[in-house]
Amino acid sequence: MNILLVQDQEKVRDRMSFWIQKAYSCTVIEAESIEKAREILTNRDPLIDLIIYDFQKDPIKNFRRLRSSSGVIPCIVCLSGISTEMKAEEKSFIRLIDRAKLTEEIQNTMKDFLSKGAIPGESADEREYFAIRTRILLSVCPLKGDIYIRLSAQKFVKLFREGDDFNEADLVKYTLKKGVNYLFIKRNQTDEFISKYLADLQALTSKENLSTEEVSRSAESVHETVQELGKRLGFNEGVQQLARTQIAMTMKAMGKSPALGDVLKKLEQSRGEYVASHSLMTGFLACAIASYMDWKSEATFFKLNLAAFLHDITLDNQKLAACETIQDLSKEPFKEEEMEAFRNHPQNAADIARRFSEVPPDVDTIIAQHHERPDGTGFPRRLSGNYIAPLASIFIVAHDLARYSRLRPNEKIDVKEFIKQGALKYKSSQFKKVLAVLEANMSDMGMPEPGQPAA
Ligand SMILES: [Fe+2]
Ligand SMILES: [Fe+2]
């Protein structure tokens, strides 16, 4: 277990760190400032299981700064006197304790977190395994390590030995016949896995005439893999490269002038896991709209596709990711942690984008604003129309259209109806322009097939 200790006084920090390591035989990562703590949390390297916050300077103000990066990681907040203002921050995974009884209260809270499964016990090796889409194994096997199947939350059994091949017959056997869509590898195999998977993706990207099916199947697998690896390993260079290669493939298939008609046809075909296919389609639609607005540079398409790839990357609960507003959270019995993850996901995903190397500056803004609404009813910042960036407004409408069509599976997508509904909620001039462009190009069908760029 990795514990992040956020403490600003060196001597106290040393003593606490020593005591925690001894008491729990865990790794303590020390942060003497909020900036340092946020950096560790955002990089997810190492992955933090628990935060012990014992910051003495402006504890409330600084705790709120830390919260924007800590997501739903369980947190023990040590305070000298608990004010009502601070009491409001308490949640099932945020516990406030009295510094006067520091060790005793930390022990009790840890025990409680352990009993609820909020933090891993010492024997939990679940975190050692990585889920991989079973079909990806076709392109990366043989691996220098074993492949496991998951039997229960904590039980993994070896299915293939190191060096075994994984062929089409295995794929059919496990996915179609047994419904096993994910198999597992161990943490120390991830480097080999990433480099083989990357080589496979690069080969696919350089192929002539990529079919829509190939691109969307690949986009879905890469999205899930990046999500899983990012969660476990952090978004390191190899993981970032997987994302960038997939985006290069998507852009190649999209061509220079993605047409709305084509995009909508693709949308009707793509019905995979929500987050992955919704992310792909949001990128496609945003580029189609941008190109109609004469923003068709490669740089713009890259920004929109990268923003689309990352915008919901921290949400792995498909139902949660399908929510649009904070009010939507009441439609399902979500846990408090999940609701918190949803409320923070624009900011958390923007933080991840900022850590990507070679990332154009607007990508994090688009992501941070993707749930804002021009009438100020969005979240997290309730920005009004004037404060929403132009590219973000294109993205918001594209995101809404992708979601609108996904909620109506097996139906022809009625863009006219979408524009009618959009006119009621998107009243700022910038958004009106986006809707007008959509309306003007609605009948623009019969453009080139994907993989055959427009002239
Ligand atoms: Fe989304
Ligand atoms: Fe979102």
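Now for a description of the structure that goes with this document. Computed from a predicted model, the values in this text were never measured in an experiment.

A separate point is the nonpolar core. Among the nonpolar cores identified, the biggest contains 87 residues, and F193, V226, L242, I289, V397 and L438 are the most heavily contacted of them. When residues in this core are grouped by element, the largest group, 10 residues, is from helix α17 (residues 390-406). Each of domain 2 (126-204) and domain 3 (207-440) accounts for three or more of the residues forming this core. Not counting residues within four places of it along the chain, the set of residues in contact with V397 comprises I289, F418, Y426, F431, V434, L435 and L438. Core analysis: the next-biggest nonpolar cluster, separate from the first, contains 23 residues, I40, I48, F63 and I73 among them.

Before going further, it helps to examine helix α5 (residues 102-115). Taking 1.5 Å as the rise per residue, α5 with 14 residues should run 20 Å; its terminal C-alpha atoms sit 20 Å apart, in good agreement. Every buried residue belonging to α5 is among L102, I106, T109, M110 and F113, and all of these are buried. The buried side chains of α5 occupy one side of the element, clustering within an arc of 105 degrees when seen end-on. α5 presents K111 and S115 as exposed residues on the side facing more than 90 degrees away from its buried surface. The secondary structure elements touched by the buried residues of α5 are β1 (2-6), α1 (10-24), β3 (50-53), β4 (75-79) and β5 (94-98).

Once that is clear, we can look at the coordination of the iron ion (ligand 1). Every protein donor of the iron ion (ligand 1) is accounted for by H278 (NE2), H311 (NE2), D312 (OD) and H399 (NE2), and the metal-donor separations fall at 2.1 to 2.3 Å. If you look at the iron ion (ligand 1), its four donor atoms make angles of 84 to 168 degrees with each other, and the shape they trace is irregular. When the donors of the iron ion (ligand 1) are listed by position in the chain, the intervening gaps give H-x32-H-D-x86-H. Metal-to-metal, the separation of the iron ion (ligand 1) and the iron ion (ligand 2) is 3.4 Å; D312 coordinates the two. Of the two residues, D312 sits in the loop between α13 (298-310) and α14 (318-321) while H399 sits in helix α17, which places them 87 residues apart along the sequence.

A separate point is the coordination of the iron ion (ligand 2). The protein atoms that coordinate the iron ion (ligand 2) are D312 (OD), H345 (NE2), H370 (NE2) and H371 (NE2), at distances spanning 2.2 Å. Taken together, the four donor atoms surrounding the iron ion (ligand 2) define angles of 86 to 174 degrees at the centre, an arrangement classified as irregular. Between the donor residues of the iron ion (ligand 2), the gaps in sequence give the motif D-x32-H-x24-H-H.

This next bit is on the packing of helix α9 (residues 212-233) against helix α12 (residues 274-292). The packing of two helices is summarised by the inter-axis angle and the distance between the axes. Two elements in contact, α9 and α12, have axes whose closest approach is 9 Å; the angle formed by their N-to-C orientations is 120 degrees. Considered as vectors, α9 and α12 are oriented oblique to each other. The chirality of how α9 crosses α12 is right-handed. Residues S216, A219, E220, H223 and Q227 of α9 lie in contact with α12, whose contacting residues are V275, A276, S279 and L280. Residues that form the contact of α9 with α12 fall into these classes: four nonpolar, four polar and one charged.

What counts, and at which threshold
Residues numbered from 1 in each chain as written. Chains lettered and ligands numbered in written order. Predicted model: local features only at pLDDT ≥ 70, side-chain atom pairs only at ≥ 80, totals over all residues. Heavy atoms only, no water. Core = buried A, V, L, I, M, F, W, Y, C linked by side-chain atoms within 4.5 Å. Buried < 20%, exposed > 50% of the residue type's maximum accessible area, 1.4 Å probe, protein only. Helix = DSSP H or I, 4+ residues; strand = E, 2+ residues; numbered from the N terminus. Domains from an automatic or database assignment. Contact = heavy atoms within 4.5 Å. Expected span 1.5 Å × (residues − 1). Arc of directions from axis to C-beta. Donors = N, O, S within 2.8 Å, 3.2 Å for Na, K, Ca; no water. Tetrahedral: all angles 85-135°; square planar, octahedral: opposite > 155°, others 65-115°. Axes fitted to C-alpha atoms, helices over the stretch in contact; angles between N-to-C directions. Parallel < 35°, antiparallel > 145°, perpendicular 65-115°, else oblique. Left-handed = near helix turned anticlockwise from the far one by under 90°. Nonpolar A, V, L, I, M, F, W, Y, C, P; charged D, E, K, R; others polar.

Honestly, that's just the spatial picture; any functional story needs more than this.
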